[in-house]
Amino acid sequence: MRVVFVIISLLISSIPNVSFAHKSNFVNYSVKVSTVLDAYKLAHQYHDSLLEIQGDMLILNLSEKEYLQLKNTDHVVYIGVNNDHVFDSRIKRNSLTKLVNKSSDSNVELTIPEFECYNTVEGTYAEAKSLAIAHPELVQWKKIGESWKKTQKESGYDLNVLVIGADQKNSNKPKLFLQSGLHAREYAPVALNLAFAKYLITNQGVDPEVDWILDNTEIHLLLVANPDGRKKAEEGLWWRKNTNNNYCSDEPNRMGVDLNRNYTFNWFSIENGSSGDECMSTFRGHEKGSEPEIQAIEAYVKSIFPDSRGPNVNDAAPTSTPGLFIDIHSAGGMVMWPWSTTVDPAPNAAGLQRLGRRFAAINGYRAFQSSNLYPADGVSTGLGYGELGIASIIFEIGTQFFESCQTYEQEVLPNNLRALMYAAKAAISPYTITKGPEVVGIRLEGSGQKPVPSGTNINLKANVSDALFRQLADETLEASQSIKQVLLTISHVDTAEVTKEIQLSAADGEFDSNNELISYVLNTENWSEGRYSLYMKAQDQDGNWGTVKGASLVIDNNIENQNVLPTADFSFECADLECIVSGDKSTDDGELTYRWLINDRAPLFGKSVSFNYYETGEYKIVLQVEDEFGFVASTEKTLTLQGIIEPVAVLEYSCDGLICDFDSSKSSDTDGQITHLEWYIDGIYQADYREATFQYEFPVAGTYVIGLFVVDNHNAYDFKEISVEVKDKPVPVKAIVKPVKEASKSGGALMVLLTLLISCFYIRRRWY
């Protein structure tokens, strides 16, 4: 049996400036499990209550009913109180990039206090509007509906979509629809969605891959799908739903409808897929599609995507169906696809699975069908896939709802920005394009981001893989084939003419594997000046092509092509279960980019990054630096780190008859302090005894199992059990002699014999 320790954590009173929407009725529990995989499984089961996941520990916000359900499963063994557990300092770290927090002409907050990397609703809308004003030929800011409060003539918000790359001459361009902010308390998704828009717009004409996307894909970004609720979350409330006060009006901090249970398709179609209780976090509403936010979203999505799936549940969309629907949530590091209401595969399951596992290989997350998380009805992918047949995916990004700015900027943003770039390319044919091989990065050693004079030899390097999928160890591997060909196309940006088409060869001389390294020397002799776009794509032996990968090269004969090769080196400082690593020892004559690989974790980006270590062991740290000319240097170090040391429970006792004194004062913790303990008798929690010692009077003599559970300030634990034989006190001799003497005086031999028999019977009962 897997053992799970559940520890009530009184986090509410210990977190400054953060309050909880369910404060009076819900409690935060720390759940310690045996392995990280067990933590993910439990996180799936209780995802609606998940506050944070750290290795093999979760923090869940549960009602008493939910807690009792968890406690009564085979997994749950212990429960107690840990007053010292708080969210660590990561949740309140300052942003690595400071932003102006207020607009210049008003007192409206543009970023969330203490989370300056995240815009408020007003800040998000202001940035989106500015993009549309600055780039009217490329960007539109469209109103698609109103929030619940605004429909009530209160101070609510419009629902707006940022449209990028719409082309009046080609309305049939494949479309990518990205939605974020449906659940109010999830900070990072809205920021990621806006960052993607800004990346596309600011890199137009600079990044050939962006140019390809804008030429071939129409992007629709619903940045804040639940603006009323988002404003509640910006106050620090753990808010999930919208703010419809027709529901749960007696408890204002629990009112509203869970918008991701209110979609029309499969609304209230399964047991436990949503709640009919108005005050629960997954309340579905009393009618499908009842909320104005959902009505606006459904109408808009149906206006940009045709219906490509038949009316029956087993009708598949044509595999050629273009378009992609992605709903971005947090947290947990997951990629999911339909169905969410049944474990049965969707009609397009093969294509959806390949797409999900391809995304997971890019952002480092776990990929699976939505129903493996928990059953849910009336969800967003029912609109995209269930109704319209559009390939639909859910991202659960990061590790917590109020994601720290440091984690967002060094991990969540860069890894998921890459995933969204892939999504924009895959939208052309998402069910089939994942069959083809992917070009995993192009590096131009000798030019990189810098102009070079003609005649410079450029070393083009890339990896090509037909097996870029991520699945669990016990899952079936995706089908893959050997690479058949890799095509490089070079065009001059100013003239738009293709100057070269080159069939590239494998670095080892033969395409005979599903993973190949490409190394090619590009001779730029006699190239005219200007910017060149380089595009690579690959084909496998079955004839399937993957998406394109782009790079840029600038020829400028006024540039002296001199470069000092970079060197990679780093320093580190580890304490209190956190390592800060810095690439400050790396050298170059220009700017470097830094990429860190730590064991099997998702890459981290930045000159200085941090990571936590909870388990004792070796941590392999690889630093890769790249200079502005595309040259890479790397170094590797292995650190042996001491993780959390479990406390040691020591139980001593002494008994005087049925009364026993138990003592835990000799229990110890070498890397912290014991913050909480519990006593158990025959597996029953003794709720009235939480001190280091306690006295207990047993009802009858017998053998009892005594348990001691201790928890330290790191939520590590130890449990000690002993068997204790409890006996009655022996009857003193005078208790027998005195009545015998009195009997002999009063009644002779018969009375003495009768008294002895009664005394022996009494003694036997006391002893046995």
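Quick look at the structure, then. What you see is a predicted model, and the numbers here were worked out from it, not measured in a lab.

## As for the overall build of the protein chain
The secondary structure content of the protein chain amounts to twelve helices and 37 strands. Burial statistics for the protein chain: of 768 residues in total, 55% are counted as buried. Sequence separation of at least 24 residues holds for 70% of the intrachain contacts in the protein chain that already meet a minimum separation of 6. Split by element, the accessible area of the protein chain, about 32900 Å² in all, is 49% carbon and sulfur.

## Focus on the sheet that holds strand S14 (residues 334-337)
Across a sheet, paired strands are connected by hydrogen bonds in the backbone, their directions being either parallel or antiparallel. Within the open sheet, the eight strands sit side by side as S9-S10-S12-S11-S13-S16-S14-S15. Their pairing is mixed. The two strands at the open ends of the sheet, each matched to only one other strand, are strand S9 (139-146) and strand S15 (366-369). Going across the sheet, the axis of each strand differs from the next one's by a mean of 20 degrees, ignoring polarity. Sheet topology places S14 next to strand S16 (residues 391-396); three bridges connect them, and they run antiparallel. Bridge pairing links methionine 334 to glutamate 396 in S16. Running over the sheet, helix H8 (residues 292-304) touches S9, strand S10 (158-164), strand S11 (175-180), strand S12 (218-222) and strand S13 (324-329) and is turned about 135 degrees from S9.

## Overview of the pattern of salt bridges
It is possible for side chains bearing opposite charge to pair when their charged atoms get close. Enumeration over the complete set of coordinates arrives at 22 salt bridges. Here glutamate 146 and lysine 143 are joined by a salt bridge, their closest N and O atoms 3.1 Å apart. Accessibility expressed as a relative area gives 26% for glutamate 146, which makes it partly exposed. Under the relative-accessibility criterion, lysine 143 is labelled partly exposed at 47%. The shortest N-O distance in the salt bridge between glutamate 478 and arginine 357 comes to 2.7 Å. Pair noted here: glutamate 478 is in the loop between strand S18 (457-465) and strand S19 (483-492) and arginine 357 is in helix H9 (residues 349-363), with a separation of 121 residues, a long-range link. Each of Glu122, Arg230, Lys231 and Glu234 takes part in one network of salt bridges that share partners.

## Regarding the pairing of S10
Among the seven residues in S10, seven count as buried, and that is most of the element. Side chains of S10 alternate between two faces, with Asp158, Asn160, Leu162 and Ile164 and Leu159, Val161 and Val163 buried alike. By the bridge criterion, seven bridges tie S9 to S10 in an arrangement that is antiparallel. By the bridge assignment for S10, valine 139 is matched with isoleucine 164. With four bridges joining them, S10 and S12 adopt antiparallel strand pairing. Its bridge partner lying in S12, leucine 162 is registered against leucine 221.

## As for the pairing of strand S8 (residues 115-119)
Across the five residues that make up S8, a large majority, five, are buried. Of the pairings in the sheet, the one linking strand S7 (residues 111-112) to S8 comprises two bridges and is antiparallel in character. Paired with threonine 111 across the bridge in S8 is asparagine 119.

## Remarks on the sheet that holds strand S26 (residues 592-598)
Taken in spatial order, the four strands make up an open sheet running S27-S26-S29-S30, and their pairing is antiparallel. Whereas interior strands pair on both sides, the edge strands pair on one side only; in this sheet they are strand S27 (604-605) and strand S30 (632-641). With seven bridges joining them, S26 and strand S29 (residues 617-627) adopt antiparallel strand pairing. By the bridge assignment, tryptophan 596 is partnered in S29 with leucine 623.

## A closer look at helix H6 (residues 208-216)
Extensive coverage of H6 is indicated by the burial of seven of its nine residues. Residues of H6 that are buried: Pro208, Glu209, Val210, Asp211, Trp212, Ile213 and Leu214. Each element contacted by the buried residues of H6 is listed here: S10, helix H5 (187-202), S12, helix H11 (405-426), strand S22 (530-540) and strand S23 (549-555). Measuring from the side-chain oxygen of the N-cap residue of H6 to the backbone nitrogen of glutamate 209 gives 2.9 Å; that N-cap residue is aspartate 207.

## Examining the packing of H9 against H11
For the pair H9 and H11, interaxial distance at closest approach is 8 Å and the crossing angle is 145 degrees. Relative to H11, H9 is oriented so that their crossing is right-handed. On H11, the residues that touch Leu355, Arg358, Phe359, Ile362 and Asn363 of H9 are Asn415, Asn416, Arg418, Ala419, Tyr422, Ala423 and Ala426. For the contact of H9 with H11, a count of residues per class yields seven nonpolar, three polar and two charged.

## Structural notes on the side chain of glutamate 218
The residue glutamate 218 is located in strand S12 in this model. This buried residue, glutamate 218, is left without a salt bridge; lysine 175 holds the nearest opposite charge, at 4.2 Å. Among the polar contacts made by the side chain of glutamate 218, one reaches the side chain of histidine 220 at a distance of 2.8 Å. In contact with glutamate 218, not counting residues within four places along its chain, are Val163, Ile164, Gly165, Ala166, Asp167, Lys173, Pro174, Lys175 and Leu176.

## Comments concerning the environment of threonine 399
Note on placement: threonine 399 falls in the loop between S16 and H11. Sequence separation between threonine 399 and glycine 332 is 67 residues; the distance between their C-alpha atoms is 5.0 Å. Not counting the four nearest positions on each side in its chain, threonine 399 is found in contact with Leu51, Glu52, Ile53, Ala331 and Gly332.

## As for the nonpolar core
Within the largest apolar cluster, 84 residues are counted, with the highest numbers of intra-cluster contacts made by Tyr118, Ile164, Leu176, Phe196, Ile326, Phe359 and Phe395. If you tally residues by element for this core, the top one is H11, at eleven residues. In this structure phenylalanine 395 touches Ile326, Asp327, Ile328, His329, Met334, Val335, Phe359, Asn363, Asn416, Ala419 and Leu420, once residues within four positions along its chain are discounted. By size, the runner-up hydrophobic cluster in this structure holds 27 residues, among which are Trp527, Met536, Ala538 and Phe629.

## Focus on the packing of aromatic side chains
Taken as a whole and assessed by the stated rule, the structure comprises 32 aromatic pairs. Seen from their ring centres, phenylalanine 698 and tyrosine 704 are 4.3 Å apart, and the 35 degrees between their planes marks the pair as tilted. Here the two residues phenylalanine 698 and tyrosine 704 agree in accessibility, since each one is buried. Of the aromatic side chains, those joined through ring pairs into one cluster are Phe115, Tyr118, Tyr187, Trp238, Phe401, Phe402 and Tyr408. Positioned over the ring face of tryptophan 239 is lysine 232, at 5.4 Å from the centre of the ring. Over the face of the ring belonging to phenylalanine 469 we find arginine 358, whose NZ or CZ atom lies 4.4 Å from the ring centre.

Conventions adopted
- Residues numbered from 1 in each chain as written.
- Predicted model: local features only at pLDDT ≥ 70, side-chain atom pairs only at ≥ 80, totals over all residues.
- Heavy atoms only, no water.
- Helix = DSSP H or I, 4+ residues; strand = E, 2+ residues; numbered from the N terminus.
- Buried < 20%, exposed > 50% of the residue type's maximum accessible area, 1.4 Å probe, protein only.
- Contact = heavy atoms within 4.5 Å.
- Areas by Shrake-Rupley, 256 points an atom, 1.4 Å probe, with all protein chains shown as cover.
- Pairing = 2+ DSSP bridges.
- Axes fitted to C-alpha atoms, helices over the stretch in contact; angles between N-to-C directions.
- Salt bridge = Lys/Arg side-chain N within 4 Å of Asp/Glu carboxyl O.
- Polar contact = N/O pair within 3.5 Å; in protein donor to acceptor, adjacent residues only side chain to side chain.
- Left-handed = near helix turned anticlockwise from the far one by under 90°.
- Nonpolar A, V, L, I, M, F, W, Y, C, P; charged D, E, K, R; others polar.
- Lys, Arg positive; Asp, Glu negative; His and termini not counted.
- Core = buried A, V, L, I, M, F, W, Y, C linked by side-chain atoms within 4.5 Å.
- Phe/Tyr/Trp six-rings, centres within 6.5 Å; stacked < 30°, edge-to-face > 60°.
- Lys NZ or Arg CZ within 6 Å of the ring centre and 35° of its normal.

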